[in-house]
Each structure stands twice: as C-alpha cells, then as structure tokens.
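Examination of the molecular architecture
One-letter residues, chain by chain:
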Amino acid sequence: MLTSTNWRRQGVSFSGYTVSTALAQLMVMLFSLLLARYFGPQVSGGYTSVFAISSLTAIAFNLGLDTWLLREGALSQDLRKTFSNVLLTKAAAGIVWAVLLFVIATNLRPDLYPMGLLTVCIMDVWFDAIFVSSLAVFNIERKIRQYSLLILLSRGLKLLGLIVLILIGNRNILMFAGWRALCSLVFAFTAVVIMKPRLGDHSLSNIKQILSQTRSFAISDLLATVYMQADVVILSNIKGKVATGVYSPALSLINALFVIPNAVYTYFIPSLSRWFKNNTDKFVDLAKKAILLLSVIGVIMSLSIALLGKPATALLLGEDYAVSGDLMVRLSPILLLKCLEFGFAAIIVAANKQKSRLIPQAIAAIVNVGLNLVLIPRLAEFGAAAVYLTTEVILFVSYGTIAVKTLNNTRKESVESI
C-alpha cells in the first residue's frame, strides 16, 4: 500500500522527470528557432531536409527498442543485460543504416543531401539514439537526478554552442550541425560509461532474440516515423527548401510540445507494466489517472497555441515566418489529440498489446503519404498541415477504442478471478 510519504516521493520523482524533459525539449526547440531565424528559410530548410531524412530512416536501427526497453526492462531480472542487448543491436543495425543512407541519398539527390552535412547528421542521429536508450534505463531505475542532469547538459550545451557560433558571426551551417553531433557523441559515451553495460558477455544470438521480441515495436516505430516525418521529406522534394523552411518551424514548435505528454507516457509505462502483471486493479486506477492528467495537459496546450501561436511566431522568428504562425494555429488541435494518444498508447504497451496498434498505424501512414502526395503539390505547406491533422484524428479514434477495450477486459478478468 502506498503511504502519503510514498505518494509524495513519487510526485517529486515524476515532477522532476517531466520538468527536466520539458526543459530539455525547450532547448531543442530554441535551437531550431534560432537556427531558422539566423540563416533564413533557404539555408535552415536545407539543414532541416537533411536532418529529416536521417531521422526518418533511423527506424532501421532504432527498431522500437526504446519503447520495448521501457516495458521489458521494468520486468527484467537483469536490466544491465537487457540494456547491453539493446546497445549491441543498435550498433550493428546502425552501421548498415549509415552506409545505405549515405550511398542512396547522395546518389539520388546530391543537391538536397550534400555529403558533408549528411555525414554529420547521420552521426548526430545515431549517437543521440544511444543516449536516449541510456536515459530509458535511468527512468526505469527511477534515477531521476542523473537522468535530469544528463539530458539538460546535453541539450543545454548544444544550444550554448549555437549561440556562441551566432555571436561570432559564423555562417557555415556545417559548423552548427557538427557541434550538435559532437555533443550527441560525448553524452552518449558518458551515459553508457555510467550504465556500465556488460557488452562482452553477449553474442550474435542475443541480437537475433531481441529482433524477434521487438518486431511489433519496430514496425510501430516505422509507421509512426512515416506519418510524423514524411510531410517534411515530401514537401522538401516537391516544393523545395523555402516551403520546408516555413513549415518546419511551425511543425517543430508543435512537435516540441509533445515532450510533455511523452514524458508522462515514458514515466508511466514501467509502473503500468508492473501493475498489469501484479495487480490489475491498480493498473486500471493508474491508467485512469494518467488519461485524466493528459487530458488536462492537452486542453491547456491546444488553447495556448491557438491563442498565442501567431504572436509568438512573429516575436521569435520575424516577418519572414508569418505563414508559420498561421500554420501553428491550424495545427493546435493536434496537441490535445496527441496527449490522449500517448495515454492510450501507454495502456496498450503496458498490457502487452503492442501488435494491436499496427493496423491503425498502417492506415494512418498510408493515408498520410497518399494525401501529402496529392495535397502538397496543390496547397504546399497548408496541405501538409491538413494531412497531419487528419492522421492524428485516425490515430486518436483507433487508440482510444483499443485502450478502452483493454481496460474493460482487464477489469472484467479481475472481477471474475475473485
């Protein structure tokens, strides 16, 4: 039974986790905004295009491992072994991904994906993926102080380096991207050293086993990456760097706010997973509290962006990005939908029903890509915004149906077992 002291401790832990994660994402958002304002739509749009293709294809080595780790790590008897398997899998798959992406992208569109910038972005995405896996272990073990320190230092130094480069008048976008990648490397190495994984104790058979267990998570992440990032890739290829440079700040600001519901999602999955296995009544109770919390967060964020999106964009980015402010207002309902989706997804993952997410995600991905190909040539960035909102409505309805059914079945099974 949880005492008032335990509840207080859990509240402090959750607050620390959420606040540090939100502040870290705020720094990432400021990085994007300052970069966009300093270089303008043309240059910043070019960087965004390269980073987008790197992030979009990163599923080839991320493979849904981080979400899987949150659940399996919480139930594992040997978390360090599980973490080591994740690192080895990401390392092996990452090498293949990096080589294939570099060869294909630089040959198909050398004008859009220059070799130097693409190489740096590949390094940034890969090392940051290792860092994120390490942070997941800190979360599972509820070592929130260490988690907070690492994530804030990582994102803070990236932002600080950007500011310094701007102040000295550097106009080489490769230097900005390089500093960001260097920080990702340093903190990935630091986090792994602190975790002390036993990498030498594992073999190729461990990787095969992990890939088998994470297949549904990998497919889920692949589909999510498609409908979250395909619009930028399609927009940049069809309408060019300027349209991408206008759309990206609005998209970045909206997506940056996902960090708050995502923090609730990643923090609650380990606890929900343990309760689902050991006490279904507490699982249902905690799930309801998570949904209520996320509903309140979603309403506040959506209304705030709807009211303040345009003036905030004008203040932060200037007149060149007036269209970005209009786009933010149009995208604001997504924040409420996304908050509830994170709550539904936490229930689904903790109840080990990850496969049930795949059909809705596949439908969303197909609709997203298809509509983007139709609407972007006609409506450019406004077409991409409309498609994004349509995709989130599909996911909201689907995830909600699955989560409610899961809770009802869990409650029914609990009653029948008495």
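Residues numbered from 1 in each chain as written. Predicted model: local features only at pLDDT ≥ 70, side-chain atom pairs only at ≥ 80, totals over all residues. Heavy atoms only, no water.

Topic: the overall build of the protein chain
On a plain count of helices and strands, the protein chain comes out with 15 helices and zero strands. For 418 residues, the compact-globule formula gives about 22 Å, and the C-alpha radius of gyration of the protein chain, at 21 Å, lands near that figure. Along the three orthogonal principal directions, the C-alpha set of the protein chain runs to about 65 × 50 × 40 Å. In the protein chain, which comprises 418 residues, the share counted as buried stands at 54%. Counting 36 positive and 20 negative side-chain charges, the protein chain places the averaged centre of each group 5 Å from the other. (Helix = DSSP H or I, 4+ residues; strand = E, 2+ residues; numbered from the N terminus. Rg over C-alpha atoms; globule rule 2.2 N^0.38 Å. Buried < 20%, exposed > 50% of the residue type's maximum accessible area, 1.4 Å probe, protein only. Lys, Arg positive; Asp, Glu negative; His and termini not counted. Charge placed at Lys NZ, Arg CZ, Asp CG, Glu CD.)

Structural notes on the side chain of Ser 154
Within the element layout of this structure, Ser 154 appears in helix 6 (residues 144-167). Looking at Ser 154, the relative accessible area reads 1%, which means it is buried. For Ser 154, the residues in contact, after removing those within four places along its chain, are Phe 131, Cys 183 and Phe 187. (Contact = heavy atoms within 4.5 Å.)

A short note on the layout of surface pockets
In this structure, the second largest pocket occupies an estimated 310 Å³ of space. Together, 19 residues line the second largest pocket, and Leu 26, Met 29, Leu 253, Leu 257 and Ile 305 are the ones closest to its centre. Elements supplying a minimum of two residues to the lining of the second largest pocket: helix 1 (4-57), helix 10 (241-256), helix 11 (259-278) and helix 12 (280-317). When residues in the lining of the second largest pocket are grouped by element, the largest group, eight residues, is from helix 12. For the lining of the second largest pocket, a count of residues per class yields 15 nonpolar, four polar and no charged. (1 Å grid on protein atoms, 1.4 Å probe; cavity = no way out; pocket = protein on both sides within 12 Å on 5 of 7 lines; lining within 4 Å. Points joined across faces, edges and corners; volume = space filled by probe spheres on them. Nonpolar A, V, L, I, M, F, W, Y, C, P; charged D, E, K, R; others polar.)

Quick look at the confidence of the model for the protein chain
A residue-level look at the protein chain finds 93% of positions with pLDDT of 70 or above and a mean pLDDT of 85. Considering each helix and strand of the protein chain separately, the mean pLDDT is smallest for helix 8 (residues 204-213), with a value of 70, and largest for helix 14 (residues 333-350), with 94. (pLDDT = per-residue confidence, 0-100.)

Quick notes on the pattern of salt bridges
Summed over the entire model, instances satisfying the criterion amount to eleven salt bridges. Here Arg 180 makes a salt bridge to Asp 124, at a shortest N to O gap of 3.0 Å. With Arg 180 in helix 7 (residues 173-195) and Asp 124 in helix 5 (residues 115-140), this pair connects stretches of sequence that are 56 residues apart. We classify Asp 124 as buried; its relative accessible area is 2%. The partner of Asp 128 in a salt bridge is Arg 155, and the shortest N-O contact between them spans 2.8 Å. (Salt bridge = Lys/Arg side-chain N within 4 Å of Asp/Glu carboxyl O.)

Concerning the packing of helix 12 against helix 14
It is the contact of helix 12 with helix 14, at a shortest axis distance of 6 Å, that shows an interaxial angle of 165°. Here helix 14 runs roughly antiparallel to helix 12, going by the angle between their axes. By crossing handedness, the relation of helix 12 to helix 14 is classed as right-handed. Along its contact with helix 12, which presents Phe 283, Ala 287, Ile 291, Leu 294, Ser 295, Ile 297, Gly 298, Val 299, Met 301, Ser 302 and Ile 305, the element helix 14 presents Pro 333, Leu 335, Leu 336, Cys 339, Leu 340, Phe 342, Gly 343, Phe 344, Ile 347 and Ala 350. Residue classes in the contact of helix 12 with helix 14 are distributed as 17 nonpolar, four polar and no charged. (Axes fitted to C-alpha atoms, helices over the stretch in contact; angles between N-to-C directions. Parallel < 35°, antiparallel > 145°, perpendicular 65-115°, else oblique. Left-handed = near helix turned anticlockwise from the far one by under 90°.)

Re the side chain of Asn 62
Here Asn 62 lies in helix 2 (residues 59-62). Other than its neighbours up to four places away in sequence, Asn 62 contacts Lys 90 and Ala 129.

Some details on the environment of Val 264
By the secondary structure assignment, Val 264 is in helix 11. Not counting residues up to four positions away in its chain, the partners in contact with Val 264 are Phe 14, Leu 293, Leu 294 and Ile 297.

Some details on the packing of helix 11 against helix 12
Relative orientation of the contacting elements helix 11 and helix 12 amounts to 170°, with a least axis distance of 8 Å. Between helix 11 and helix 12, the angle falls in the class roughly antiparallel. Contact with helix 11, carried on its side by Ile 260, Pro 261, Val 264, Phe 268, Ser 271, Leu 272, Trp 275, Phe 276 and Asn 278, involves Thr 280, Lys 282, Phe 283, Leu 286, Ala 287, Ala 290, Leu 293, Leu 294, Ile 297 and Met 301 of helix 12 and no other residues of that element. Of the residues that constitute the contact of helix 11 with helix 12, the class distribution is 15 nonpolar, three polar and one charged.

A look at helix 3 (residues 65-75)
Burial runs high along helix 3: nine of the eleven residues are buried. Along helix 3, the residues that are buried comprise Leu 65, Asp 66, Thr 67, Trp 68, Leu 69, Leu 70, Arg 71, Gly 73 and Ala 74.

As for unusual backbone geometry
Across residues other than glycine, the phi torsion is negative in most instances, and most of the peptide bonds are trans. The residue Arg 142 is not glycine, and still its phi comes out positive at about 55°. Among the structural elements, Arg 142 can be located in the loop between helix 5 and helix 6. Backbone geometry places Asn 352, a non-glycine residue, at a positive phi of 60°. Within the secondary structure, Asn 352 is located in the loop between helix 14 and helix 15 (358-416).

Some points on the environment of Phe 344
Here Phe 344 shows up in helix 14. The spacing of Phe 344 and Ala 290 is 54 residues in sequence and 9.1 Å in space, taken between C-alpha atoms.

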